[in-house]
Amino acid sequence: MDASSEDRSRADREARQDGEGPVGAQYAAGGAWVITARGDLDMTSLPPLDDALASASAEHSRVVLDVSGVTFGDSAFLNLLLRVHQKADLRVAKPQPQLRRLLEITGADKVLDVRHDLDAVPRP
């Protein structure tokens, strides 16, 4: 088995898929742990994503958060991103217009590694 096949096999074993809620697929790829987030992210809906990001940042030096499915994010979500950024190399990928505006208005786009395309999200 070559290194590439071994990486894919490990990624398949480590991948997780939650049914509903703010956390979608999670998988290892390209030396990072990738988490997809979705829906409205506010103080009441954040705990599962907070748990996923805390776990990922404790176990992986690079975490990629695919936010292409996020329809709303508030200050609690922004605070979560900034906390994770302090613990790991966090990449925020593909923010939609509302989230992009939040990041720009607050200046968080100058602190966080924000990528505007899905090329920043490694695939398994």
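Residues numbered from 1 in each chain as written. Predicted model: local features only at pLDDT ≥ 70, side-chain atom pairs only at ≥ 80, totals over all residues. Heavy atoms only, no water.

- An unreviewed UniProt entry annotates the protein as Anti-sigma factor antagonist originating from Streptomyces spongiicola.

A closer look at the side chain of Gln26
- Within the secondary structure layout, Gln26 lies in strand 2 (residues 23-29).
- On the accessibility criterion, Gln26 (7% relative accessible area) is buried. (Helix = DSSP H or I, 4+ residues; strand = E, 2+ residues; numbered from the N terminus. Buried < 20%, exposed > 50% of the residue type's maximum accessible area, 1.4 Å probe, protein only.)

Points about the pairing of strand 2
- Most of strand 2 is tucked away, with 7 of its 7 residues classed as buried.
- As paired strands, strand 2 and strand 3 (residues 32-41) are joined by 5 bridges and run antiparallel to one another. Among the inter-strand pairings, Val23 is bridged to a residue of strand 3, identified as Ala37.
- The hairpin formed by strand 2 and strand 3 contains 2 residues between the paired strands, and Gly30 there has a positive phi angle of roughly 55°. (Pairing = 2+ DSSP bridges.)

Concerning helix 3 (residues 75-87)
- Between its terminal C-alpha atoms helix 3 stretches 19 Å, which fits the 18 Å expected from 13 residues at 1.5 Å a residue.
- What helix 3 keeps buried is the set Phe77, Leu78, Leu80, Leu81 and Val84. Here the buried residues of helix 3 occupy an arc of 155° about the axis, which is enough to place them on one side. The exposed residues of helix 3 that point more than 90 degrees off its buried face are Ser75 and Gln86.
- The N-capping residue of helix 3, defined by a side-chain oxygen 3.0 Å from the backbone nitrogen of Ala76, is Asp74. (Expected span 1.5 Å × (residues − 1). Arc of directions from axis to C-beta. Polar contact = N/O pair within 3.5 Å; in protein donor to acceptor, adjacent residues only side chain to side chain.)

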